[in-house]
Amino acid sequence: MGSSRMSKSLSQIVLPVAGGTALALSVALVVANLDYGRSKISSLEQRVEQTSLQAEAARNKASEEAAVVAELKAKVAEIQLAAIENATGGTNLTENAPRKDIAYGLGRAALTEEITAWDVDVLPDGRGLPEGRGDVFTGEEVFAEKCASCHGDFAEGVDNWPVLAGGFDTLADKDPVKTVGSYWPYLSTVWDYVHRSMPFGEAQTLTPDETYAIVAYILYSNDMVDDEFELSHENFPDIEMYNTGGFVIDDRPDREYTRWRGEPCMKNCKSAVEITMRATFLDVTPDEGGESRMDHTASENTPTFVASTDSTNTSVETETLEISALETDPAVVLAGEKVFKKCKACHAVGAGAKNKSGPQLNDLMGRMMGSVDGFKYSKAFKAAMEEGRVWNDAELAAFLAKPKAYMKGTRMSFAGIKKEKDLTAIIEFLRTTSN
Ligand code: HEC
Ligand code: HEC
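Throughout what follows, the structure given in this document is the object of discussion. This structure is a prediction, so every number in the text was calculated from the model and none was measured.

This brings us to the site of ligand 1. Around ligand 1 sit 19 residues in total, of which Cys-147, Cys-150, Met-198, Pro-199 and Phe-200 are the nearest. Elements represented by at least two residues in the shell around ligand 1 include exactly α4 (148–151) and α5 (187–197). Looking at the shell around ligand 1 residue by residue, the classes come out as 14 nonpolar, four polar and one charged.

Following this line, the structure appears as structure tokens:
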């Protein structure tokens, strides 16, 4: 009982306390929430403000930079223009080249400066050398600074870099030491080479005077001059190189040199150069197939080249054919005459027709195959003659349609006539041809 009272009285005390605390806590929580909310809002507001400030700054910066870019672009364009003007001597390269009285009106004459920049070679007699001078002492300094790292202080070569001095009298050895001193025949080569391509990796940075000095030093390293020596464009041709006489022309008769140096053979030449055959007649380019075939029948005015075994008749043949009999349709015969252009390179017809690379074709109908006097027929045609075969419409049509199929082994290089109409026409035409 006491405990229940006790617990009651405890609960009387504790509960309100707990309740009060809970109330206080929840109030505090609300307040804190409010506070949190407020501070959060204000910090968000701050952030927004900050961000827009930053954005503004960024915008300003961007437009500033854009201005700089535009400025730079303008400058680049300006420089490019100036460079173009400089390079062309005021000529505008984007415009068409001015018409000149030369073949194509292209390009412009090279400027003197451009030619000079390329024209740096030096010849053995000293031609091409610029004016200048340099002594051994200066040369030693320049060499130590710019060349010794690879070629050694005394031009003796570091590691495997080229040796520039010494090696005299080793040229006949199994392993000759070929240096400027022992091997090079001309001093001009030394000057030109050094001036043009050394120091390795920094070519063409040497002035003429530095080059003269270095070359003087290389001569000194080879014991070819004393330490007082000064080399210049004036005394340059006087320097004798050790191996000048070592280079000889190999004119032994069994070597090629004589072949190109002798008098050219001008005996037994042909009197004239002639075109004897057209590739189309030789069937190098087949009539059929392919994109760009030639249409022989269409080109009426194509000159026909004469394949000639007799030299009296070598000109372009344009004779009009004499037509002896006109029993058939003249239009067909005329068409046949056109088709005959395909044969003309090898066959003649009409008055005085001679054998060319093929036999003359007068009075063909009823003629014995392979029977023209003085013409060297193939075995196939000789056999046909021995068999007593004779040309008629049917035989001729078959032969001309496919010569090689009809007469196995014939020497007539002609692909054949494909169109029926052309075949009829040429046969009608050949019916009319005679002396
Ligand atoms: C970085 C290394 C280097 C430097 C520095 C250098 N050279 Fe060379 N030099 C070479 C090499 C590599 C060759 C061979 C090049 C070749 O055969 O194509 C060479 C070749 C030569 C030769 C020809 C040798 C021969 O017999 O074929 C001469 C002469 C020469 N150098 C002179 C000079 C001079 C003078 C300088 C200083 C102005 C110089 N070099 C600086 C690397 C160098
Ligand atoms: C590339 C030269 C060439 C062309 C083109 C050519 N021929 Fe021939 N022709 C010959 C040769 C070569 C012979 C002799 C063949 C042999 O001996 O095998 C021959 C033989 C002949 C013969 C046989 C003559 C005989 O005496 O028995 C006739 C017919 C003939 N050709 C007609 C023609 C006709 C028609 C054409 C044109 C449609 C033509 N040829 C085109 C070279 C040619």
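Taken together, the neighbourhood of ligand 2 is formed by 26 residues, with Cys-343, Cys-346, Gly-358, Ser-378 and Met-412 sitting nearest. Looking at the shell around ligand 2 residue by residue, the classes come out as 17 nonpolar, seven polar and two charged.

Right, let's talk about helix α12 (residues 420–430) for a bit. Buried residues of α12: Ala-425, Ile-426, Ile-427, Glu-428, Phe-429 and Leu-430, and no others. Where the residues of α12 are buried, they touch α8 (330–339) and α10 (393–401).

Time to look at the packing of α10 against α12. Relative placement of two packed helices is described by the angle separating their axes and the distance separating the axes. Interaxial distance between α10 and α12 falls to 10 Å at its minimum, and their mutual angle equals 125 degrees. Taken together, the axis directions place α10 and α12 in an arrangement best described as oblique. The hand of the α10/α12 crossing is right-handed. Taking contact as the criterion, the partners of Asp-393, Leu-396, Ala-397, Leu-400 and Ala-401 in α10 are, on α12, Leu-423, Ile-426, Ile-427 and Leu-430. Residues that form the contact of α10 with α12 fall into these classes: eight nonpolar, no polar and one charged.

Formed by 29 residues in total, the largest nonpolar core has its most connected members in Val-190, Trp-191, Ile-214, Val-215, Ala-216, Tyr-217 and Ile-218. Put simply, the parts of the chain that give this core at least two residues each are α3 (136–146), α5 and α6 (208–221). Per element, the largest residue contribution to this core is nine residues, and it comes from α6. Apart from residues lying up to four places away in sequence, Ile-218 is in contact with Ala-155, Leu-164, Ala-165, Val-180 and Val-190.

At a minimum axis distance of 7 Å, the contact between α8 and α12 shows a crossing angle of 100 degrees. The pairing of α8 with α12 is recorded here as roughly perpendicular in orientation. Contact residues: α8 offers Val-332, Val-333, Ala-335, Gly-336, Glu-337 and Val-339, while α12 offers Asp-422, Thr-424, Ala-425, Ile-426, Glu-428 and Phe-429. A breakdown of the residues in the contact of α8 with α12 according to their chemical character gives seven nonpolar, two polar and three charged.

What counts as what
Residues numbered from 1 in each chain as written. Chains lettered and ligands numbered in written order. Predicted model: local features only at pLDDT ≥ 70, side-chain atom pairs only at ≥ 80, totals over all residues. Near = placed C-beta within 6 Å. Helix = DSSP H or I, 4+ residues; strand = E, 2+ residues; numbered from the N terminus. Nonpolar A, V, L, I, M, F, W, Y, C, P; charged D, E, K, R; others polar. Buried ≥ 20, exposed ≤ 12 C-beta atoms within 10 Å, placed from the backbone. Contact = placed C-beta atoms within 7 Å. Axes fitted to C-alpha atoms, helices over the stretch in contact; angles between N-to-C directions. Parallel < 35°, antiparallel > 145°, perpendicular 65-115°, else oblique. Left-handed = near helix turned anticlockwise from the far one by under 90°. Core = buried A, V, L, I, M, F, W, Y, C linked by C-beta atoms within 7 Å.

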